[in-house]
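Structural description and commentary
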Amino acid sequence: MALLRAGLCPGLTAEMVPLLRASGLRTVVDFVSSDLEEVAQKCSLSYKALVAVRRVLLAQFSAFPANGADLYEELKSSTAILSTGIASLDKLLDSGLYTGEVTELMGVPGSGKTQVCLSIAASVSLCLKQHVLFLDSTGGFTASRLYQMLQAQPEDEEEQLEALQRVQVVRVFDVYEMLRALQELRDSLSQQVLSSTGPLKVVLIDSVSAVIYPLLGGKQSEGLALMMQLARELKMLAREFSLAVVVTNQVTRDSSAGPLKPALGRSWSFVPSTRVLLESKETTWEKANMQRIASLAKSPRQPTGLQVELDIGNSDVQELSPATPTQGL
Amino acid sequence: MQRDVGSLPLAPALRARLVAAGFQTAQEVLETGPCGLSKDSLLSPEFWLQCTTALGSFENLIVSSRNIEIGISKEEALEALQVVRQECHSDATRTAGAPGTSRKCTALELLEQEQAQGFIITFCSALDNVLGGGVQLTKITEICGAPGVGKTQLCMQLAVDVQIPECFGGLAGEAVFIDTEGSFMVDRVVDIAAACVQHCQLIAEAHQEEDHLKALETFSLESILSHIYYFRCRDYTELLAEVYLLPDFLSEHSKVRLVVIDGIAFPFRHDFEDLSLRTRLLNGLAQQLIIIANDHKAAVVLTNQMTTRIGQSQSTLVPALGESWGHAATVRLIFHWDNNQRLATLYKSPSQKESTIPYHITPHGFRDVQPPAVTQNPEGTEMNPRKRLRREEEK
């Protein structure tokens with residue numbers, strides 16, 4: 001919905017713009033969808049000039065249709081699959097995180113979402129040697145835990161410290177700050193400033209619901225709009241720059257005894273293409289342990305309902321070793 | 001500069017009007033200028049010149065002589081342009097990599113910061129180990145527990161411990177105590193502070209170092225009590241107001257390293273009809289607290305109550321204030337009873353494993369459980385460790 005401005009295209013002169021505006025045509029869409037004969041009569045402009053301008057505007061602003069086969073070729077060459085560092089989670093996600101898509105991790109507090117995010121950051125920065133951007137909105141990013149995870153890998157210390165330098169952390173505690181950070185990322189990627197972002201492949205956002213929750217509901221109308229704005233930014237970043245975007249979300253209940261469902265409602269549920277639910281094996285906090293179950297709630301490639309087990313207690317997040325028979329129960 | 005108009009922090013009505021008028025990016029808004037946005041059609045060139053000089057100059061400032069009617073007043077237009085200009089300016093400085101960017105850094109820098117940061121010790125070494133050294137700065141720690149289990153005791157202990165001088169391993173900071181339940185007892189704090197000063201005196205006598213003795217001169221009962229800033233909030237409005245005013249208070253008192261809110265559940269649990277409003281307010285509060293913790297390098301400690309969740313076959317005690325509040329705290333400790341022993345469970349932490357340890361409340365404050373001596377009991381019955389400790393103290 002671009003505004004009509006002088007100089008937008010060669011035929012649109014400075015004299016034409018006020019005349020068009022006076023007859024109610026303010027944006028490009030208004031112009032190309034109006035009857036040009038009427039406009040020519042009302043504004044006393046040449047019909048030929050208007051048709052020429054319309055042709056140029058259509059060429060400039062409309063989207064090009066693409067052939068399915070071309071699209072497939074393009075997708076094959078530009079999509080990468082990044083391993084999360086956890087073999088069982090990779091199996092759940094059909095061999096890893098796909099670039100160009102938004103993946104969501106959800107779970108109750110303490111279910112291990114931040115741990116999985118840290119594990120992804122560790123594996124991508126150390127094994128794949130790519131840059132990672134971590135947007136932290138809850139204060140849960142602990143660099144010493146990330147370092148602990150890196151130290152569990154067989155690489156030497158210098159490489160581990162280099163890997164730490166490839167992880168960039170931005171603390172955003174407000175939705176406007178998050179939007180600003182994503183906008184900056186888009187600017188720097190489109191200008192291809194290599195030194196600051198490097199070959200960025202993964203953007204992790206922990207968590208997206210913490211910044212959106214205070215705005216939703218009640219008499220506020222802007223909450224949903226900002227959420228959708230954020231969703232659009234994330235999808236655009238993922239698609240245009242071939243990034244894998246991972247977000248974490250909360251879960252809520254409808255009533256105090258109802259089943260758990262992901263937060264942020266139905267509008268948000270269309271944003272991520274893959275959703276993984278993390279939950280603890282035990283239901284009460286009294287019997288706390290390190291074992292978690294990851295189940296697939298939404299996926300474009302795998303059947304939903306797949307489950308794998310994870311262990312988040314050790315130096316890195318691992319799949320559970322096969323159960324050894326205990327000596328006396 | 002290509003910031004979408006929908007993502008700018010403007011009032012919703014103003015933003016809606018800008019979007020309806022066809023503006024898409026911040027660039028377009030800036031180019032049109034305040035006179036183009038407002039309703040008045042008769043504006044002198046001098047006034048326009050004043051507007052542009054007041055807002056500074058941008059490279060692509062195109063003077064538009066005709067006006068677009070979007071129905072906002074000149075003051076609103078000027079305000080909107082100020083906001084847009086501020087956003088674009090700070091974007092520009094950030095992409096240029098100015099050192100003023102406070103919240104963006106690499107993980108390596110964060111690791112160095114974390115390793116240099118201290119902890120607030122709790123005087124219970126088992127709990128300190130479980131927490132990884134003590135209560136962490138720049139994070140929100142939540143303590144949940146049934147009534148009488150020791151949450152306020154730990155808060156008072158932390159308010160004293162944060163003031164321990166650096167040569168004894170403390171942070172030499174000050175504390176803010178926000179009380180909503182009225183459970184802050186000054187005489188109890190006097191007991192805890194006296195025990196802490198005595199403990200430090202014993203260390204100084206054992207080591208006999210210069211800086212220890214110098215620090216002890218300033219670390220006395222009066223100084224400890226005078227550095228605990230106490231606020232009493234009676235309902236949730238006062239609590240919200242206090243938290244939103246806290247950044248200004250903390251900028252004036254820059255030595256504050258601990259903010260305790262004793263009883264965050266109490267004002268939100270009674271007398272609240274609209275539960276979705278409660279969730280929104282609590283989430284907004286959580287975000288404000290994490291901003292405070294991060295900007296002022298302080299630890300925020302909250303205490304929460306427990307409620308019963310009735311399932312199909314059993315009922316369990318869970319922390320109050322609902323599911324979404326569980327995400328607000330970075331570290332969650334749950335205090336509970338096991339027969340006569342008080343236990344603390346670390347339930348949620350980004351860097352430590354979940355574990356349970358026993359602890360003890362003594363006349364001196366929050367302490368470890370003393371391991372029962374091996375030789376003493378010929379009958380072989382299990383003695384209550386609390387009783388044992390008191391007998392030892394009476395000696």
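Residues numbered from 1 in each chain as written. Chains lettered and ligands numbered in written order. Predicted model: local features only at pLDDT ≥ 70, side-chain atom pairs only at ≥ 80, totals over all residues. Heavy atoms only, no water.

**What about the overall build of chain A?**
A count of helices and strands for chain A gives 14 helices and 13 strands. Across the 329 residues that make up chain A, the buried fraction comes to 53%. Counting only contacts in chain A whose residues sit at least 6 apart along the sequence, the fraction spanning at least 24 positions is 65%. Of the roughly 15,100 Å² of accessible surface on chain A, 53% is carried by carbon and sulfur atoms. (Helix = DSSP H or I, 4+ residues; strand = E, 2+ residues; numbered from the N terminus. Buried < 20%, exposed > 50% of the residue type's maximum accessible area, 1.4 Å probe, protein only. Contact = heavy atoms within 4.5 Å. Areas by Shrake-Rupley, 256 points an atom, 1.4 Å probe, with all protein chains shown as cover.)

**A short note on the overall build of chain B**
Counting secondary structure elements, chain B contains 14 helices and 14 strands. For chain B, the residues scored as buried account for 51% of the 395 residues in total. Within chain B, contacts between residues separated by at least 24 positions form 68% of all contacts whose residues are at least 6 apart in sequence. Total accessible area on chain B is roughly 18,800 Å²; 52% of this is exposed by carbon and sulfur atoms.

**A look at the confidence of the model for chain B**
Caution is warranted with low-pLDDT regions, since their predicted coordinates should not be read in detail. Residue and element names in this part refer to chain B. Taken as a whole, chain B shows an average pLDDT of 77; of its residues, 77% reach a score of 70 or greater. With pLDDT under 50 throughout, residues 94–101 is counted as low confidence; its partners more than four residues away or in other chains account for five contacts. Overall fold confidence (pTM) sits at 0.79, and the ipTM for the predicted complex is 0.76. (pLDDT = per-residue confidence, 0-100.)

**Let's talk about the state of the cysteines**
Residues and elements named next belong to chain A. The tally for this structure, following the rule as stated, stands at zero disulfides over all chains. No disulfide involves C117; its nearest neighbouring cysteine sulfur is the one of C127, lying 17 Å away. In this structure C117 comes out as buried when scored by relative accessible area, which is 0%. (Disulfide = S-S within 2.5 Å.)

**Let's talk about the packing of helix α7 (residues 113–126) of chain A against helix α8 (residues 143–151) of chain A**
When two helices pack together, their arrangement is given by the angle between their axes and by how far apart the axes lie. All names here are of chain A. Contact geometry for α7 and α8: axes closest at 9 Å, N-to-C directions at 55 degrees. One finds that α7 runs oblique with respect to α8. The two elements α7 and α8 cross, and the hand of that crossing is right-handed. Two secondary-structure elements touch here, α7 through Q115, L118, S119, A121, A122, S125 and L126 and α8 through R145, L146, M149 and L150. (Axes fitted to C-alpha atoms, helices over the stretch in contact; angles between N-to-C directions. Parallel < 35°, antiparallel > 145°, perpendicular 65-115°, else oblique. Left-handed = near helix turned anticlockwise from the far one by under 90°.)

**A short note on the nonpolar core**
One finds I120, L127, L258 and F335 of chain B to be the most contacted residues of the largest nonpolar core, which totals 49 residues. Of the residues forming this core, the biggest block, seven residues, is contributed by helix α8 (residues 186–207) of chain B. Non-local contacts of I120 of chain B, meaning those with residues more than four positions away in its chain, are made with G134, V135, L137, L158, D161, V162, L171, R257, L258 and A299 of chain B. V116, L204 and V246 of chain A together with C105 of chain B belong to the second largest nonpolar core, which has 42 residues in total. (Core = buried A, V, L, I, M, F, W, Y, C linked by side-chain atoms within 4.5 Å.)

**Re the environment of L182 of chain A**
Residue and element names in this part refer to chain A. Take L182: it is sitting in helix α10 (residues 175–190). For L182, a relative accessible area of 0% puts it in the buried group. The spatial distance from the C-alpha of L182 to the C-alpha of S137 is 13 Å, given a sequence separation of 45 residues. Residue contacts for L182: discarding those within four places in its chain leaves L135, L230, E233, L234 and L237.

**A closer look at the interface of chain A and chain B**
Each side of the interface is counted separately: chain A has 67 residues, and chain B has 65 residues. Summed over both sides, the interface of chain A with chain B buries roughly 6,000 Å², with 55% coming from carbon and sulfur. Scanning the region where chain A abuts chain B turns up one salt bridge. With its nearest N and O atoms 2.9 Å apart, the salt bridge here joins E354 of chain B to R292 of chain A. The interface formed by chain A and chain B holds ten residue pairs in polar contact (both at pLDDT 80 or more) in total. Here the side of chain A that touches chain B gets seven residues from one element, more than from any other, and that element is α10 of chain A. (Buried area = accessible area lost by both parts, 1.4 Å probe. Salt bridge = Lys/Arg side-chain N within 4 Å of Asp/Glu carboxyl O. Polar contact = N/O pair within 3.5 Å; in protein donor to acceptor, adjacent residues only side chain to side chain.)

**Considering the sheet that holds strand β12 (residues 341–348) of chain B**
Residues and elements named next belong to chain B. Strands sit in the order β6-β5-β7-β8-β4-β11-β12-β13-β14 across an open sheet of nine strands; the sheet is mixed. Edge strands, defined here as strands with exactly one partner in the open sheet, are β6 (228–232) and β14 (365–368). In this sheet, adjacent strand axes meet at a mean angle of 25 degrees when their direction is disregarded. Pairing geometry for strand β13 (residues 356–362) and β14, over four bridges, is antiparallel. Note that in β14 the partner of H360 across the bridge is R367. (Pairing = 2+ DSSP bridges.)

**What about the pattern of salt bridges?**
What the rule picks out here adds up to ten salt bridges over all chains. A cluster of three or more residues bridged by salt bridges with shared partners is formed by D94, E101 and R301 of chain A.

**Points about the packing of aromatic side chains**
Per the counting criterion, the structure on display carries ten aromatic pairs over all chains. Residues F177 of chain B and F184 of chain B carry aromatic rings whose centres are separated by 4.5 Å and whose planes lie at 50 degrees to one another, so their mutual orientation is tilted. Both residues of the pair, F177 of chain B and F184 of chain B, belong to the buried class. A ring pair is formed by Y236 of chain B and F268 of chain B, whose centres lie 5.9 Å apart and whose planes are at 40 degrees; its orientation type is tilted. Taken together, the residues Y236 of chain B in helix α11 (residues 236–252) and F268 of chain B in helix α12 (residues 266–269) connect sequence positions 32 residues apart. Judged by relative accessible area, which is 28%, Y236 of chain B ranks as partly exposed. Over the aromatic face of Y98 of chain A sits the side chain of R301 of chain A, whose NZ or CZ is 3.5 Å from the ring centroid. (Phe/Tyr/Trp six-rings, centres within 6.5 Å; stacked < 30°, edge-to-face > 60°. Lys NZ or Arg CZ within 6 Å of the ring centre and 35° of its normal.)

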